[in-house]
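# Observations on chain architecture
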Amino acid sequence: MLGFYMDDSADAKRQTVFSVAGFIGEPDKWFEAQRHWENRLKKEGLDYFRTYECINLDGEFRKKLVDPHGLTTARVIANAVLHDLKQIVATSELFAYCLGVLMDDYRQVSSEPDGQIVLNPDPYIYAHQELIGQVLDEVHKFPKHRREVVAFLYDEHSKAALLQNSWSQYKLNNPNWAKSAGTLESLDDKIHIPIQMADLLAHTTTHTFLKRQTDPEAAKEKLKGWLKKNLMMVAYANAEYLRLIVAHNLQLAKSLGVRGGIF
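Residues numbered from 1 in each chain as written. Predicted model: local features only at pLDDT ≥ 70, side-chain atom pairs only at ≥ 80, totals over all residues. Heavy atoms only, no water.

A few words now on the overall build of the protein. Within the protein one finds 13 helices and 6 strands. Here the protein has a C-alpha radius of gyration of 19 Å; the compact-globule value for 263 residues is 18 Å, and the two agree. For the protein, the spread of C-alpha atoms along the principal axes amounts to about 65 × 45 × 35 Å. Residues counted as buried form 49% of the 263 residues belonging to the protein. Across the protein, every contact between residues at least 6 apart in sequence was considered, and the portion connecting residues at least 24 apart equals 73%. (Helix = DSSP H or I, 4+ residues; strand = E, 2+ residues; numbered from the N terminus. Rg over C-alpha atoms; globule rule 2.2 N^0.38 Å. Buried < 20%, exposed > 50% of the residue type's maximum accessible area, 1.4 Å probe, protein only. Contact = heavy atoms within 4.5 Å.)

Take a look at the structure:
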């Protein structure tokens, strides 16, 4: 079974982009990457990694680095940790999938009559389900004798139960994807290193889309320059694509004889 670990990220107040991103890999590849990641954190006495806390010297980084060493030294150490963790992922055999939901477009489509039926004003569930579908599409391109079931793991969240409760209906509505869709489970990022890796990727994805507005080439480099061989997909949901999703779901609801569903 393959494991796909994902996390979400957004700019302040979700004004511009809401991202979901993650890595897929085989169990032995995950084991190796986790081993190196954990050893790097232990070297600095860190119990876990969150990108926001690293960049802003907050939380674990404040307690373990700023308080004992001071801001200047803590900044140097934090930058080195971030660099090394990126390298661990980039040299692993884990593969990255990224999705950005363009929030102006999402707000527009979700406020339209048909969009109100299908899309929740909050993109949390839609974005996770969209990325899961993109990953399963890729898995289905494998030769049948190599096709595997994928377990989807995501960060514990106030909305985690909503995503979990939507899983059975999601697979029912998408029988082709359901053939390779295994479990869906939320995990504590402080304990599970693969979620920390996904957090780093999701954070970078958000900043890629923010940078894309002013400097598209520099934006591409944020992900392509970091991951190189590991980056499999960077997708975005704009108004045109979202309207196709809405139309598809309304047609599906009609064929099933129900009034519609909401992501």
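Following the structure, the description resumes.
Right, let's talk about the environment of Ile55 for a bit. In this structure, Ile55 sits in helix H2 (residues 51-56). On the basis of relative accessibility, which here comes to 37%, the residue Ile55 falls in the partly exposed class. Every residue in contact with Ile55, bar those within four places of it in the chain, is listed here: Arg75 and His203.

Okay, the state of the cysteines next. Taken as a whole and judged by the stated rule, the model has 0 disulfides. Free cysteine Cys54: the closest other cysteine sulfur is in Cys98, separated by 19 Å. Taking relative accessible area as the criterion, Cys98 reaches 0% and is therefore assigned buried. (Disulfide = S-S within 2.5 Å.)

On inspection of all chains with the given rule, the structure shows 10 aromatic pairs. Measuring from ring centre to ring centre gives 6.0 Å for Phe152 and Trp167, while their planes differ by 65 degrees; the resulting arrangement is edge-to-face. Of this pair, Phe152 sits in strand E4 (residues 150-155) while Trp167 sits in helix H9 (residues 167-173), and the two are 15 residues apart along the sequence. Judged by relative accessible area, which is 0%, Phe152 ranks as buried. On the numbers, 5.6 Å between centres and 15 degrees between planes, the contact of Trp167 with Tyr170 is stacked. Note that Trp167 and Tyr170 are positioned in helix H9 at a spacing of 3 residues, about one turn of the helix. (Phe/Tyr/Trp six-rings, centres within 6.5 Å; stacked < 30°, edge-to-face > 60°.)

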